[in-house]
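Residue-level listing of the chains:
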Amino acid sequence: MNKIAVVENLNVIFGNFYAVKNVSFSVDKGEIFGFLGSNGAGKTTTIRVLCGLLPATSGNVIIDGTKFTAGLENIIKRKVGYMSQKFTLYDDLTIEENLEFSACLRDMDSSTYEDKKSQLLKFIDFKNDTNQIVGNLSGGIKQEIALVTSILHDPKIIFLDEPTAGVAPAMRDKFWNLIKKLSESGKTIFVTTHYMDEAENCHRIALMRSGELIALDTPGNLKKTTYNKPMYLLTAHDAESRKYLVDNSQDFFEMFAPYGLHYHAIISEMLDEDQTLDNMKKYCTFQKISPSLEDVFIKLVEGDR
Ligand SMILES: Nc1ncnc2c1ncn2[C@@H]1O[C@H](COP(=O)(O)OP(=O)(O)O)[C@@H](O)[C@H]1O
Ligand SMILES: [Mg+2]
């Protein structure tokens, strides 16, 4: 069996609000599975169900061959690692104390714990004192230690809920190298992020909107299939031209999104493309481009502009 997680018709309802609505997907062993969507899309809620921390209202969840049923929560919890979005470590405890605490929660015996601890500290290349108070660590190091606490018990699938939010770019890269190494060693990574450059590293991406799964594919396929019209990179000649383009964007474009000082644009369906581009030469240069993952996100998650 090459599926590590299977989710069928999952619903999570709070009162009469569907936080997760009829969601089905499966995750392959060893995959880096990206779970994307705006705030409130239902990502954390789904993860909490898959970790056995929140009961589903209805639907099936199977993790590593075990179907979720009341009473089996502890078996599930042993199979999964979870790095939560808000809480990761106790700030007023040392690194050592945080690691020990996680090991205790997982009922690890002390020799397995010591082995795993030194192996994983080496894995994240941590050479400093583990008797430091966690509250004094930088955001990036703290997240790496949190990753260690979530995989001490050697889970097959690891859920990382916005693990790099607010982390400095260089440290985000370092964290993603760890994710890739874990995946290469056979672990499955289920990860949420708001950074599209990070999402590019995922084997497949699921996109959530208002509790519903609206797309699931590789980054390459999502970029190929989301738009069926050519996209252009526009660069305005000067400030005046830029203002003209922005002011008239509704008339010319069916998509017009700022990218630094440039724009990604799709010519309106109502207009003749060649003629419009020709008219535009007065205001900007343009170059045909492939959509970015950001463009995919804009169209599918935020809706057409
Ligand atoms: N325990 C809860 N009770 C009521 N509503 C909740 C609860 N947990 C989450 N929600 C709501 O469910 C929706 C999805 O939340 P969440 O899964 O945290 O989204 P995401 O992680 O994608 O930002 C949000 O509107 C949130 O307010
Ligand atoms: Mg969340």
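Residues numbered from 1 in each chain as written. Chains lettered and ligands numbered in written order. Predicted model: local features only at pLDDT ≥ 70, side-chain atom pairs only at ≥ 80, totals over all residues. Heavy atoms only, no water.

Another point: the domain arrangement of the protein chain. Domains assigned within the protein chain are domain 1 (3–217) and domain 2 (228–300). Computed over C-alpha atoms only, the centres of domain 1 and domain 2 are separated by 38 Å. Listed per partner, the contact involves 11 residues of domain 1 and five residues of domain 2. Between domain 1 and domain 2, the buried area comes to about 650 Å², and carbon and sulfur atoms account for 77% of it. Considering only the side of domain 1, the residues that lose the most area to domain 2 are Met-196, Glu-200 and Leu-207, jointly responsible for 60% of the buried surface there. (Domains from an automatic or database assignment. Contact = heavy atoms within 4.5 Å. Buried area = accessible area lost by both parts, 1.4 Å probe.)

This paragraph deals with the sheet that holds strand β5 (residues 66–67). What links the strands of a sheet is backbone hydrogen bonding, and the strands pair in either a parallel or an antiparallel sense. Spatially, the four strands line up as an open sheet ordered β2-β1-β4-β5, and their pairing is antiparallel. On the outer flanks of this sheet lie β2 (17–28) and β5, each paired with one strand and no other. For strand β1 (residues 3–14) and strand β4 (residues 58–63), the ladder comprises five bridges, and the chain directions are antiparallel. Among the inter-strand pairings, Ala-5 is bridged to a residue of β4, identified as Ile-63. (Pairing = 2+ DSSP bridges. Helix = DSSP H or I, 4+ residues; strand = E, 2+ residues; numbered from the N terminus.)

Moving on: empty space enclosed by the protein. What the rule picks out here adds up to one cavity of 30 Å³ or more. Empty space within the largest cavity amounts to approximately 40 Å³. Of all the secondary-structure elements, those providing two or more residues to the lining of the largest cavity are β9 (204–209) and α12 (293–300). With three residues, α12 is the largest single contributor of residues to the lining of the largest cavity. Both domain 1 (3–217) and domain 2 (228–300) contribute no fewer than three residues apiece to the lining of the largest cavity. (1 Å grid on protein atoms, 1.4 Å probe; cavity = no way out; pocket = protein on both sides within 12 Å on 5 of 7 lines; lining within 4 Å. Points joined across faces, edges and corners; volume = space filled by probe spheres on them.)

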